[in-house]
Amino acid sequence: MPPPPAEAPDFQRQLERLEEIVRRLEAEDLDLDEALKLFEEGVERLRAARERLAAAATKVKQIRLEDLER
Amino acid sequence: MGQPLDLFAAASAEGAWTVGEVTRRARAVVEAGLPPLWVRGEVSGLKVWQSGHWYFALRDKAAQLRCVMFARDNRRLPAAPAEGMQVFVFGRPTVWEEKGEFRLTVLELLSTEAGGLWKLALEQARAALARDGLLDPSRRRPLPRFPRRIAVVTSRDGAALRDIIAVIERRWPVTELVLVPVQVQGDGAEQDLCRALALLGRLEGVDVAIVGRGGGSKEDLWTFNSERVARAVAAAAVPVISAVGHETDVTLCDLVADARAPTPSAAAALATPDRAELLSHLGHLGHRLGRGLDARAARAVERLERTSDRLAAAVERRLERAGALLAACGASLDALSPLRVLARGYAVARDERGRVLKRVAQLPPGRGFRLRVSDGEVPARVAES
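Residues numbered from 1 in each chain as written. Chains lettered and ligands numbered in written order. Predicted model: local features only at pLDDT ≥ 70, side-chain atom pairs only at ≥ 80, totals over all residues. Heavy atoms only, no water.

Enquirer: How should the pattern of salt bridges be read in this particular structure?
Expert: Any two side chains of opposite charge can pair, so long as their charged atoms come close to each other. Residue and element names in this part refer to chain B. Counted by the stated rule, this structure contains 27 salt bridges over all chains. The salt bridge involving Arg66 is made with Glu101; its shortest N-O contact spans 3.9 Å. Of this pair, Arg66 sits in strand E3 (residues 64-69) while Glu101 is found in strand E5 (residues 101-111), placing the two residues 35 residues apart along the sequence. Here Glu227 and Arg231 are joined by a salt bridge, their closest N and O atoms 3.0 Å apart. With a gap of four residues between them, Glu227 and Arg231 both fall in helix H7 (residues 227-235), about one helical turn apart. (Salt bridge = Lys/Arg side-chain N within 4 Å of Asp/Glu carboxyl O. Helix = DSSP H or I, 4+ residues; strand = E, 2+ residues; numbered from the N terminus.)

Enquirer: Explanation requested: the interface of chain B and chain A in the structure shown.
Expert: The interface of chain B with chain A comprises 45 residues on the first partner and 48 residues on the second. Summing both partners gives a buried area of about 4,200 Å² for chain B against chain A, and 64% of it is carried by carbon and sulfur. Where chain B meets chain A, there are one salt bridge. One salt bridge in this structure joins Glu26 of chain A and Arg288 of chain B, with 2.8 Å as the shortest N-O distance. Our enumeration of links across chain B and chain A arrives at eight residue pairs in polar contact (both at pLDDT 80 or more). Mapped onto the side of chain B that touches chain A, the elements with two or more residues apiece are helix H5 (159-171), strand E7 (176-181), helix H6 (189-198) and helix H10 (275-336) of chain B. For the side of chain B that touches chain A, the element with the highest residue contribution is H10 of chain B, accounting for 18 residues. (Contact = heavy atoms within 4.5 Å. Buried area = accessible area lost by both parts, 1.4 Å probe. Polar contact = N/O pair within 3.5 Å; in protein donor to acceptor, adjacent residues only side chain to side chain.)

Enquirer: Whenever I open this one, the pairing of E7 of chain B confuses me. Can you help?
Expert: Side chains on a regular strand alternate between the two faces of the sheet. In terms of burial, E7 of chain B is a largely internal element, six of the six residues being buried. The alternating pattern of E7 of chain B places Glu176, Val178 and Val180 of chain B and Leu177, Leu179 and Pro181 of chain B on opposite faces, both of which are buried. As paired elements, strand E1 (residues 59-62) of chain A and E7 of chain B share four bridges and run parallel to each other. If you follow Lys59 of chain A over to E7 of chain B, its bridge partner there is Glu176 of chain B. Since strand E6 (residues 149-154) of chain B and E7 of chain B lie parallel, the crossover through H5 of chain B that links them has a hand, and here it is right-handed. (Buried < 20%, exposed > 50% of the residue type's maximum accessible area, 1.4 Å probe, protein only. Pairing = 2+ DSSP bridges. Right-handed = clockwise from strand over helix to strand, strands pointing away.)

Enquirer: Looking at this structure, I do not really get the packing of aromatic side chains. What am I missing?
Expert: Two numbers describe a pair of aromatic rings. These are the distance of the centres and the angle of the planes. In total, this model carries six aromatic pairs over all chains according to the counting rule given. Ring centres of Phe11 of chain A and Phe146 of chain B lie 4.8 Å apart, and the angle between their planes is 80°; this geometry places the pair in the edge-to-face category. Here Phe146 of chain B lies in the loop between helix H4 (116-131) and E6 and Phe11 of chain A lies in helix H1 (residues 11-27), a pairing that spans two chains. Given the relative accessible area of 7%, Phe146 of chain B is considered buried. (Phe/Tyr/Trp six-rings, centres within 6.5 Å; stacked < 30°, edge-to-face > 60°.)

Enquirer: Looking at this structure, how should I read the pairing of strand E13 (residues 376-381) of chain B?
Expert: Taken together, the six bridges between strand E12 (residues 368-373) of chain B and E13 of chain B define a ladder with antiparallel strand orientation. Of the residues in E13 of chain B, the one forming a bridge with Leu371 of chain B is Val378 of chain B.

Enquirer: Would you explain the nonpolar core in this entry?
Expert: Most often, soluble globular proteins keep nonpolar side chains buried together rather than apart. Grouped together as the largest cluster of nonpolar side chains are 37 residues, with contacts concentrated most on Val153, Leu197, Leu200, Leu203 and Val240 of chain B. Among the elements that line this core, the one with the most residues is H7 of chain B, at five residues. (Core = buried A, V, L, I, M, F, W, Y, C linked by side-chain atoms within 4.5 Å.)

Enquirer: Looking at this model, I keep getting lost on the layout of surface pockets. Mind explaining?
Expert: Any empty space left between atoms is shown by rolling a water-sized probe over those atoms. Residue and element names in this part refer to chain B. Reported here for the largest pocket is a volume of approximately 630 Å³. Along its surface, the largest pocket is lined by 22 residues, and Arg75, Leu77, Pro78, Glu190 and Trp222 are the ones closest to its centre. Elements supplying a minimum of two residues to the lining of the largest pocket: H4, H6 and H7. Tallied by class, residues from the lining of the largest pocket come to eight nonpolar, six polar and eight charged. (1 Å grid on protein atoms, 1.4 Å probe; cavity = no way out; pocket = protein on both sides within 12 Å on 5 of 7 lines; lining within 4 Å. Points joined across faces, edges and corners; volume = space filled by probe spheres on them. Nonpolar A, V, L, I, M, F, W, Y, C, P; charged D, E, K, R; others polar.)

Enquirer: What exactly am I supposed to notice about the packing of H5 of chain B against helix H9 (residues 264-271) of chain B here?
Expert: Relative orientation and spacing of two packed helices are given, respectively, by the angle between their axes and the distance between those axes. Residue and element names in this part refer to chain B. Where H5 contacts H9, the axes come no closer than 8 Å and their chain directions differ by 35°. Helix-helix and strand crossings are classified by hand; for H5 and H9 the assignment is right-handed. Residues Ala160, Asp163, Ile164, Val167, Ile168 and Arg171 of H5 form the contact with H9, whose participating residues are Pro264, Ser265, Ala268 and Ala269. (Axes fitted to C-alpha atoms, helices over the stretch in contact; angles between N-to-C directions. Left-handed = near helix turned anticlockwise from the far one by under 90°.)

Enquirer: Any chance you could explain the side chain of Thr154 of chain B here in plain terms?
Expert: All names here are of chain B. Mapping Thr154 onto the fold places it in strand E6. Look at Thr154 and you get buried, because its relative accessible area is 2%. Of note is the side chain of Thr154, whose polar atom sits 2.6 Å from the backbone oxygen of Gly212. Each residue touching Thr154, except ones within four places of it in the same chain, is listed here: Ala160, Leu161, Leu179, Val180, Pro181, Val182, Val184, Gly212 and Arg213.

Enquirer: What should I look at first to understand H1 of chain A in this one?
Expert: Side chains three or four residues apart in an α-helix point the same way, a direct result of the helix having 3.6 residues per turn. All names here are of chain A. Taking 1.5 Å per residue, 17 residues should reach 24 Å; H1 reaches 24 Å between its end C-alpha atoms and fits that length. Every buried residue of H1 is listed here: Phe11, Gln14, Leu15, Leu18, Glu19, Ile21, Val22 and Leu25. Here the buried residues of H1 occupy an arc of 155° about the axis, which is enough to place them on one side. In H1, the exposed positions angled more than 90 degrees off the buried face are occupied by Arg13 and Ala27. (Expected span 1.5 Å × (residues − 1). Arc of directions from axis to C-beta.)

Enquirer: Can you help me understand the sheet that holds strand E4 (residues 86-96) of chain B in this one?
Expert: Whether parallel or antiparallel, the strands of a sheet pair through hydrogen bonds between backbone atoms. All names here are of chain B. Around the barrel, five strands lie side by side as E1-E2-E3-E5-E4; this closed barrel has mixed pairing. Each strand of the sheet is rotated relative to its neighbour by a mean of 50°, with strand direction disregarded. In terms of strand pairing, strand E1 (residues 37-48) meets strand E2 (residues 54-59) through five bridges, oriented antiparallel. Of the residues in E2, the one forming a bridge with Lys47 is Tyr55. On the sheet, helix H2 (residues 19-33) packs against E4 and E5 and is oriented at approximately 135° with respect to E4.

Enquirer: Would you take a moment to explain H4 of chain B for this structure?
Expert: Residue and element names in this part refer to chain B. Taking 1.5 Å of rise per residue, 16 residues should cover 22 Å, and H4 covers 23 Å from first to last C-alpha, within 8% of that figure. Of the residues making up H4, those classed as buried are Gly116, Leu117, Trp118, Leu120, Ala121, Ala125, Ala128 and Leu129. Close packing links the buried residues of H4 with E5, H7 and helix H8 (252-256). In the segment just after H4, Gly133 is the residue with positive phi, at about 75°.

What follows is the structure in structure tokens.
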């Protein structure tokens, strides 16, 4: 079986990190350098997440019990 | 009592019947005289043998009738009847020769009570599951927010599968479905479901499973009320969403599963996030990201401006000090200038390239040079000796 589609990095971790970046940018008095770094990371993660959601149609794969039990 | 017993005739070796002969004869008489029939009575003393056969008696106030229901016939029933249960049985009266016993071979058994055997079976299984803590809601595992692969355990040809695929296409096409086709009703369904559930842990990347089928009769849905299947759901390696039949059907699998959906479509929705919603959330996050940086940058610019004002003032002060220093230095430089020496009557001799001629050797007879005095320069020549 090929690796699962959303393996790395895990989509949920990706989204949670993005949410954290936004919160920090909004709340904390970071120095500008740090803020820029966070912003860049945020933009990259946003792009990756959108790309991931743009995937094609659902794939349906069929497994036979006999094959699994082997 | 009228007829005298002929002991001699009965005792003669030739005239005596064997036990087998008598029971075989009795059996023939009973089977010929009593065709298969329905009997109503109360169940008493039921025993389930290792072989799966049921042995019990049917009673009423006046009499009792020994009964057997063989495994091949009782397998269709959800449970054995309880002690004292009122039932109808359809059976063949016979004589069991080995025991010399008159009895009924039961082919069909129906309970006269509401819900009957189905209800009884369900209650028994439910009690067993509760005893083992499997109905405890705290056992339920959370479903993954973004499933990577979703296993679907259902019939290959049912409406349930089509419904599930349609919903996932719409909500979360990003995922992959792994269909584990099973029989969902009839002989072998229970076995299939248990096998499939036990193997979920072997499906790489699968982090949630939907188990179920579309609507059907009570008998059709019965597999999902089996205690074995319910236990397999509880033991599954990944969270299970149970979706059996229509809204009103609640099965044991539903009670044991990590989540219950009223229909297969609802199960698919429960298993997946909505892509459109998520995209709009991402858009919102992007907006906030930009705004966050803007606000941060505005603060930085403001601070920079304050800083540059202070910087300009500092530079200005420093320049002033440097100017004063320069003026002071200018005065002492002036005092050291060679022009002041010339003014006192000295002169400087230099060659045509401007080098100062300081020694006699540099001034041979006839050599031309230039002489700098206080107010100008004149050409000169060393006299011939």
